[in-house]
Amino acid sequence: MIPVDELDRLFPNLPPDPGEAGKQTLEGIDADGDGVRDDVQRWIYRRYPNDELKRKAMLRYAKALQASIVNVDRDSRDQVRARVLDGFRAIRCARLAFGGANEFDLIDEVAEAVREVQFQMLNTQERVIADLTVDAKFSGQVVGAEEWTCTDPIR
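A brief structural summary. None of the values given here were measured: they were computed from a predicted structure.

## A few points about the overall build of the protein
And step 1. Regarding its fold elements, the protein presents six helices and zero strands.
And step 2. Each helix and strand of the protein, ordered N terminal to C terminal, gives the series α-α-α-α-α-α.
And step 3. Over its C-alpha atoms the protein spans a radius of gyration of 15 Å, differing by no more than 12% from the 15 Å that the globule rule assigns to 155 residues.
And step 4. By its C-alpha atoms, the protein is 45 × 40 × 25 Å across when sized along the principal axes.
And step 5. The 155 residues of the protein split such that 45% are buried.
And step 6. In the protein, of all internal contacts separated by at least 6 residues, the share reaching a separation of at least 24 is 68%.

## Let's talk about the state of the cysteines
And step 1. This structure, assessed with the given rule, holds one disulfide.
And step 2. In this model, Cys-93 is linked to Cys-150 through a disulfide, with the two sulfur atoms separated by 2.0 Å. When the S-S torsion is 105°, as for the bridge of Cys-93 with Cys-150, the disulfide is right-handed. Taken as a pair, Cys-93 in helix 4 (residues 77-97) and Cys-150 in the segment after helix 6 (125-138) lie far apart in primary sequence, 57 residues in all. The exposure classification of Cys-93 matches that of Cys-150, with both residues buried.

## Quick notes on the pattern of salt bridges
And step 1. In total, this model carries 13 salt bridges according to the counting rule given.
And step 2. Taking the shortest distance from any N to any O, the salt bridge between Glu-109 and Lys-54 comes out at 2.9 Å. With Glu-109 in helix 5 (residues 108-121) and Lys-54 in helix 3 (residues 52-71), this pair connects stretches of sequence that are 55 residues apart.

## Brief notes about the packing of helix 3 against helix 6
And step 1. Interhelical geometry of helix 3 versus helix 6 gives an angle of 90° and a closest axis separation of 8 Å. Judged by the angle between their axes, helix 3 and helix 6 are roughly perpendicular. Where helix 3 abuts helix 6, its residues Leu-65, Ser-68 and Ile-69 lie against Arg-127, Ala-130, Asp-131 and Val-134.
And step 2. A per-class count over the contact of helix 3 with helix 6 returns four nonpolar, one polar and two charged.

## As for the packing of aromatic side chains
And step 1. This structure, assessed with the given rule, holds three aromatic pairs.
And step 2. Taking the centre distance of 4.7 Å and the plane angle of 75° together, the rings of Phe-11 and Tyr-45 count as edge-to-face. One end of the pair, Phe-11, is in the loop between helix 1 (4-10) and helix 2 (38-47); the other, Tyr-45, is in helix 2, with 34 residues separating them in the sequence. A single burial state applies to Phe-11 and to Tyr-45, both of which are buried.
And step 3. An angle of 85° between the planes, with centres 5.9 Å apart, marks the rings of Phe-88 and Phe-138 as edge-to-face. One end of the pair, Phe-88, is in helix 4; the other, Phe-138, is in helix 6, and 50 residues separate them in sequence.

Conventions adopted
- Throughout, a residue's number is its position along its own chain's written sequence, starting from 1.
- Local features are withheld for residues below a pLDDT of 70 in this predicted model, meaning they are given only at 70 or higher, and side-chain atom pairs are given and counted only at 80 or more; totals for whole chains, interfaces and linings count all residues.
- Side-chain measures here rest on the full set of heavy atoms in the structure, leaving out hydrogens and waters.
- Numbering of helices and strands starts at the N terminus; helices are DSSP runs of H or I of at least 4 residues and strands are runs of E of at least 2.
- The quantity called the radius of gyration is restricted to C-alpha atoms. Its globule counterpart is 2.2 Å times the number of residues to the power 0.38.
- Burial classes follow relative accessibility: with a 1.4 Å probe on protein chains only, a residue under 20% of its type's maximum area counts as buried, one over 50% as exposed, and anything between as partly exposed.
- Note on definitions: a residue-residue contact is assigned when non-hydrogen atoms from the two residues lie within 4.5 Å.
- Note on disulfides: each one is a pair of cysteine sulfur atoms within 2.5 Å.
- Salt bridge, as used here: a side-chain nitrogen of Lys or Arg that lies within 4 Å of a carboxyl oxygen of Asp or Glu.
- To get an axis, a line is fitted to the C-alpha atoms, and for a helix only the part in contact is used. The angle between two axes follows their N-to-C directions and goes from 0 to 180 degrees.
- Comment on the angle field: the value is read as roughly parallel under 35 degrees, roughly antiparallel over 145, roughly perpendicular from 65 to 115, and oblique elsewhere.
- Residues were grouped as follows: Ala, Val, Leu, Ile, Met, Phe, Trp, Tyr, Cys and Pro as nonpolar; Asp, Glu, Lys and Arg as charged; and all remaining residues, including Gly, as polar.
- Think of it this way: a Phe, Tyr or Trp ring, Trp meaning its six-membered ring, pairs with another when their centres are within 6.5 Å, and the plane angle makes it stacked under 30 degrees, edge-to-face over 60, tilted otherwise.

Below is the structure:
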């Protein structure tokens, strides 16, 4: 992780850290409208300052997770399924971005990166409850491998 002052020097166009204001709602603050909360976006840039592919992969996953949790209360079970599959596809694509020979390579670094992003994303009780609600709505569904293939590799 690079220091915050180094982050702001290397990436001057990143949105500012929302601080505690970013924890006041389920959605948080996404000043640049890219679908990823600003605190999470900044964390990903700090974690992967020198690797654009890894940054893109984790931003894609964070965006999918964000869409799942903020929409879960209004989404039908089919919509929840589609959003969860987006997250699965993001993880498959991350395996390629992190250097896997194919999207099926089990790469420890990807598993760790996904856990780290989840930790950053689920940083309030409201967000944890929303994620558990996603799990409950998705529970019991069967997913074929072809449904979560990486169709848009990160470049």
